[in-house]
Amino acid sequence: MSDMIERKALIFNIQKYNMYDGPGVRTIVFFKGCPLRCKWCSNPESQKKKHQVMYKESQCVDCGACVSVCPTGVHKLSPINEKHEFVDGSECIGCRKCEEVCTAKALSVVGEVKTISEIMEIVEEDRAFYEMSEGGLTLGGGEALMQPEAVVNLLNVCKQRGINTAVETCGYAKPEALMKVAEFTDLFLFDIKHMDSEIHYKLTGVRNESILRNLKLLLQNRKNVRIRVPLLKNVNDSENDIKKLIDFLEPFREYKGFKGVDLLPYHKLGVNKYKQLGWNYPLNNDPGLTEEELMKIESNIKKYNFPVSVIRH
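Presented here is a report on the structure given in the accompanying data block. Predicted, not measured: the structure shown is a model, and the values here were computed from it.

### Looking at the packing of helix H6 (residues 175-182) against helix H8 (residues 209-220)
H8 packs onto H6 with a crossing angle of 35° between their chain directions and a minimal axis gap of 11 Å. At the point where H6 passes H8, the crossing takes the right-handed sense. Here Pro-175, Leu-178, Met-179 and Ala-182 of H6 come into contact with H8, specifically with Asn-214, Leu-217 and Leu-218. Residue composition of the contact of H6 with H8, grouped by class: 6 nonpolar, 1 polar and no charged.

### Quick look at the sheet that holds strand S2 (residues 26-31)
Read from one edge to the other, the open sheet built from 9 strands follows the order S7-S1-S2-S8-S9-S10-S11-S12-S13, with strand pairing classed as mixed. Two strands bound the open sheet, and with one partner strand each, they are strand S7 (112-115) and strand S13 (308-310). If you compare each strand with its neighbour and ignore which way they point, the axes differ by 30° on average. Lying on the sheet, helix H3 (residues 116-124) is in contact with strand S1 (8-18), S2, S7 and strand S8 (136-140); it crosses S7 at an angle near 85°.

### Details of the nonpolar core
Ranked by internal contacts, the top residues of the largest apolar core, which has 76 residues, are Phe-31, Leu-139, Leu-215, Ile-227, Leu-249, Val-261 and Leu-263. In this structure, Leu-215 is in contact with Phe-190, Ile-192, Val-225, Ile-227, Phe-248 and Leu-249, ignoring residues within four places of it in sequence. Counting residues in hydrophobic clusters, the runner-up holds 13 residues, among them Val-53, Cys-66, Cys-70 and Cys-92.

### Some remarks on the packing of aromatic side chains
For the structure shown, the criterion picks out 8 aromatic pairs. Measuring from ring centre to ring centre gives 5.5 Å for Tyr-17 and Phe-129, while their planes differ by 75°; the resulting arrangement is edge-to-face. One end of the pair, Tyr-17, is in strand S1; the other, Phe-129, is in helix H4 (residues 127-133), and 112 residues separate them in sequence. The interplanar angle of 70° and the centroid separation of 5.5 Å between the aromatic rings of Phe-258 and Phe-306 together place this pair among those described as edge-to-face. Taken together, the residues span a long stretch of sequence, with Phe-258 in strand S12 (residues 258-265) and Phe-306 in the loop between helix H11 (291-302) and S13 at a distance of 48 residues. Take Phe-258 and Phe-306: they sit in the same class, and that class is buried. By way of ring pairs, the aromatic residues Phe-248, Phe-252 and Tyr-255 are connected into one cluster.

### A closer look at the pairing of S8
In terms of burial, S8 is a largely internal element, 5 of the 5 residues being buried. In this sheet, S8 lies alongside S2 in parallel orientation, the contact comprising 5 bridges. In the strand pairing of S8, Ile-28 is matched with Thr-138. In this sheet, strand S9 (residues 164-169) lies alongside S8 in parallel orientation, the contact comprising 4 bridges. Within S9, the position partnered with Thr-138 by the bridge is Ala-166. Once the chain exits S8 it traverses helix H5 (residues 148-160) before rejoining the sheet at S9, and the crossover so formed is right-handed.

Calculation criteria
- Residues numbered from 1 in each chain as written.
- Predicted model: local features only at pLDDT ≥ 70, side-chain atom pairs only at ≥ 80, totals over all residues.
- Heavy atoms only, no water.
- Axes fitted to C-alpha atoms, helices over the stretch in contact; angles between N-to-C directions.
- Helix = DSSP H or I, 4+ residues; strand = E, 2+ residues; numbered from the N terminus.
- Left-handed = near helix turned anticlockwise from the far one by under 90°.
- Contact = heavy atoms within 4.5 Å.
- Nonpolar A, V, L, I, M, F, W, Y, C, P; charged D, E, K, R; others polar.
- Pairing = 2+ DSSP bridges.
- Core = buried A, V, L, I, M, F, W, Y, C linked by side-chain atoms within 4.5 Å.
- Buried < 20%, exposed > 50% of the residue type's maximum accessible area, 1.4 Å probe, protein only.
- Phe/Tyr/Trp six-rings, centres within 6.5 Å; stacked < 30°, edge-to-face > 60°.
- Right-handed = clockwise from strand over helix to strand, strands pointing away.

None of this, on its own, says anything about what the molecule does.
Now the structure itself:
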């Protein structure tokens, strides 16, 4: 194996047997680091491109073992009641000493550096499932395009070995990095969170002009793209919001590479993670949609002859 594929990636999870993020049975490699700060993010541990500690307060027995081994002072015991104090695990350097000494399993260190060959060993374990189902590897995050060199190396090896590739992306990346990754990508799962740039900024921390330009770039260069729309009640679910989305996508409807739209209803699976990171959850209200509301949006998009499906986790 050449030196090229020994580039390293900072990841935070590898999930097997996924059926939602690309065709067939897939393995997802989750990259750490994201340029967006979406208020509904279900993987907040993915946002920072560094190691972090997650703390389950309900499991902690306040033994103080983590305090004595932590070299950066992430863990402390209160001088008042000797209870474990945890504010933010972002000063973690990834030594995992606290995780190792925590017999109560209250601590976990998020983020692991792996070489491309180490990742490929895990991906290759399920080759039979990929071949049987026309599945393969999907790169998620975070945002994989924040580590473009590692991504290109990983996807290149997959293509050499005949493994189908997909990349989930928020689209906020340098065009040259995106197009280099596109050389080795069979399908992009491309997020559109809101068509209004100002609202997009309030929701995610970045404007959407470069995102929409990158989407056009992929489609105009005949890359396979499926649009993904995270749906939140009273945020981006109005008839006007959907009409703006349709109007933007309409010129690409007949493009061979345009593979339709996935609607991703809001869910609460990531809410508890914020507390474990020492963060406040950014949303005060529940923006979940009813089944009837989802069906109405799905039906509305179908009227324009777009392939559309609702992805329920």
